[in-house]
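These are the residues of each chain, in order.
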Amino acid sequence: MDKKYIDFICSLHGYMIRVKEIHWNTDNNAEHLLCDEVENTIHDIEDRFAECMMGMTGNRFKVGDLKPMLPNAENLKEMLRELEMETNDFKKGIKENQGGLANICDDLLENICKFKYRATQK
C-alpha cells in the first residue's frame, strides 16, 4: 500500500482524536454537538476511503500499519481549516483513474465547508 494513502488515513484518525478532545474540552453546547457531527463524518470518510483504497489496490492494511497523526490545531475552527488544507493538498496527488478517492475527498471538503459555517453559530 502506498505510504501517502496510509498517511492520509492516519491523519484522518488523528483528526478524530483531536475533535474528541475539543468535544470534551468545550464549554459551549453548540460546539459540543457540532464536534459529534464532525467526528462521525470523519469516521465515515475514513472508512469509505480505506475500503475504496483496498478495493482499488487489492491490498489490505496490516495490523500495526496505522498510527494516528494528530493535527496542530487545538480548536475546532482552526482544525477544520487545517483538515481542509490537508485534504486539498492530498487530493492534488490523486490520479485520474482514482475517481472514487477524489469523490470521497470532495465529500469531506463539502462537509468541512458546512462545519466551518456551523462553527460560527452560537
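Data block above holds the structure.
Residues numbered from 1 in each chain as written. Predicted model: local features only at pLDDT ≥ 70, side-chain atom pairs only at ≥ 80, totals over all residues. Heavy atoms only, no water.

Draft legend 1. Here's a closer look at the overall build of the protein. Looking only at helices and strands, the protein features four helices and zero strands. Each helix (α) and strand (β) of the protein, taken in turn from the N terminus, gives the series α-α-α-α. Its C-alpha atoms give the protein a radius of gyration of 14 Å, within 12% of the compact-globule value 14 Å for 122 residues. With respect to the principal axes defined by its C-alpha atoms, the protein has extents near 45 × 30 × 20 Å. Within the protein, the proportion of its 122 residues that are buried is 41%. Surface summary for the protein: the accessible area is close to 7,200 Å², and the carbon and sulfur share equals 48%. (Helix = DSSP H or I, 4+ residues; strand = E, 2+ residues; numbered from the N terminus. Rg over C-alpha atoms; globule rule 2.2 N^0.38 Å. Buried < 20%, exposed > 50% of the residue type's maximum accessible area, 1.4 Å probe, protein only. Areas by Shrake-Rupley, 256 points an atom, 1.4 Å probe, with all protein chains shown as cover.)

Draft legend 2. Geometry of the packing of aromatic side chains. In the structure shown here, the tally under the stated rule is five aromatic pairs. For the pair Phe8 and Phe90, a centre-to-centre distance of 4.1 Å together with 10 degrees between the ring planes defines the contact as stacked. In this pair, Phe8 sits in helix H1 (residues 3-25) while Phe90 sits in helix H3 (residues 76-92), placing the two residues 82 residues apart along the sequence. Relative accessible area serves as the criterion here: at 4%, Phe8 is assigned to the buried category. On the basis of relative accessibility, which here comes to 12%, the residue Phe90 falls in the buried class. (Phe/Tyr/Trp six-rings, centres within 6.5 Å; stacked < 30°, edge-to-face > 60°.)

Draft legend 3. Looking closely at H3. With 17 residues, H3 ought to run about 24 Å at 1.5 Å a step, and its terminal C-alpha atoms sit 24 Å apart, in line with that. Here H3 starts with a cap whose side-chain oxygen sits 3.3 Å from the backbone nitrogen of Lys77, and that cap is Asn75. (Expected span 1.5 Å × (residues − 1). Polar contact = N/O pair within 3.5 Å; in protein donor to acceptor, adjacent residues only side chain to side chain.)

Draft legend 4. Representation of the pattern of salt bridges within the structure. Taken as a whole, this structure holds eight salt bridges when the rule is applied. Where Lys3 meets Asp7, a salt bridge forms, and the shortest distance between an N and an O atom there is 2.7 Å. Of this pair, Lys3 and Asp7 both sit in helix H1, separated by four residues, roughly a single helical turn. By relative accessible area, which is 56% here, Lys3 ends up exposed. Lys116 is the partner of Glu84 in a salt bridge, and the nearest nitrogen-oxygen pair spans 2.7 Å. Taken together, the positions of Glu84 in helix H3 and Lys116 in helix H4 (residues 99-118) put the pair 32 residues apart, joining distant regions of the chain. Taking relative accessible area as the criterion, Glu84 reaches 17% and is therefore assigned buried. With a relative accessible area of 29%, Lys116 lands in the partly exposed category. (Salt bridge = Lys/Arg side-chain N within 4 Å of Asp/Glu carboxyl O.)

Draft legend 5. Focus on the environment of Lys62. Along the polypeptide, Lys62 turns up in the loop between helix H2 (29-57) and H3. On the accessibility criterion, Lys62 (61% relative accessible area) is exposed. For the pair Lys62 and Ala30, spaced 32 residues apart in sequence, the C-alpha to C-alpha distance is 38 Å.

Draft legend 6. Spotlight on the nonpolar core. Ranked by size, the top nonpolar core spans 35 residues in total, and within it Val38, Phe49, Leu76 and Met79 carry the most contacts. Mapped onto this core, the elements with two or more residues apiece are H1, H2, H3 and H4. Sorting elements by how many residues they give to this core places H1 first, with 10 residues. Discounting chain neighbours no more than four positions away, the residues touching Val38 are Val19, Leu76, Met79, Leu80 and Phe115. (Core = buried A, V, L, I, M, F, W, Y, C linked by side-chain atoms within 4.5 Å. Contact = heavy atoms within 4.5 Å.)

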